[in-house]
Amino acid sequence: MAHDTDPPAEDVIITLRPAAGGASTIEIDRLSDGSYRATHRAGLGSLELCRTADLERLLRQLNEAMLTGTPSSYVAAVRNLHASELARTA
């Protein structure tokens, strides 16, 4: 779900590096419409995971996943949040 036409992350709120010494990060930035975007960055690539207006819920999901899982589990946690956001707005 890469959005090449979307704005660059200019208002980065937090960058998370879940694995010590790992090359991947989750970056959360605030967009001009007031929503928040979570992006997974690894190496030269990036993948937008979700956009949400609920920053607290996003941070709680990431925190829980980072405490209990692997890098793939925190990506999955944010993807699940995105799926539930889509279902709620449909």
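Residues numbered from 1 in each chain as written. Predicted model: local features only at pLDDT ≥ 70, side-chain atom pairs only at ≥ 80, totals over all residues. Heavy atoms only, no water.

A. Structural detail: the overall build of the protein. Broken down by element type, the protein carries two helices and four strands. Secondary structure elements in the protein, listed N-terminal to C-terminal, are β-β-β-β-α-α. The buried share among the 90 residues of the protein stands at 31%. Counted over contacts in the protein with a minimum sequence separation of 6, partners at least 24 positions apart contribute 36%. Accessible surface, the protein as shown: approximately 5,500 Å² in total, 52% of it carbon and sulfur. (Helix = DSSP H or I, 4+ residues; strand = E, 2+ residues; numbered from the N terminus. Buried < 20%, exposed > 50% of the residue type's maximum accessible area, 1.4 Å probe, protein only. Contact = heavy atoms within 4.5 Å. Areas by Shrake-Rupley, 256 points an atom, 1.4 Å probe, with all protein chains shown as cover.)

B. Focus on the pattern of salt bridges. Counted according to the given criterion, the structure contains four salt bridges. Note that Glu48 and Arg51 form a salt bridge whose closest N and O atoms lie 3.0 Å from each other. Assessed through its relative accessible area of 7%, Glu48 is described here as buried. Ionic pairing is found between Arg60 and Glu56, a salt bridge with its closest N-O pair at 2.8 Å. You can see Arg60 and its partner Glu56 sitting in helix 1 (residues 55–68), four residues apart, about one turn around the helix. (Salt bridge = Lys/Arg side-chain N within 4 Å of Asp/Glu carboxyl O.)

C. Layout of a nonpolar patch on the surface. On the surface, Ile13, Ile14 and Leu59 cluster together to form a nonpolar patch covering roughly 210 Å² of accessible area. Its location among the elements puts Ile14 in strand 1 (residues 12–16). (Patch = residues over 30% accessible without salt bridge, like charges linked within 9 Å, V, L, I, M, F, W, Y side chains within 5 Å.)

D. Spatial organisation of the side chain of Ser35. By the element assignment, Ser35 lies in the loop between strand 2 (25–30) and strand 3 (36–42). A polar atom in the side chain of Ser35 sits 2.6 Å from the side chain of Asp33. The residues touching Ser35, leaving out its near neighbours within four places in the chain, are Asp29, Arg30 and Thr52. (Polar contact = N/O pair within 3.5 Å; in protein donor to acceptor, adjacent residues only side chain to side chain.)

E. The arrangement of the side chain of Asp29 in detail. Note on placement: Asp29 falls in strand 2. What makes Asp29 buried here is its relative accessible area of 1%. One polar contact links Asp29 to Arg37, side chain to side chain, over a distance of 2.7 Å.

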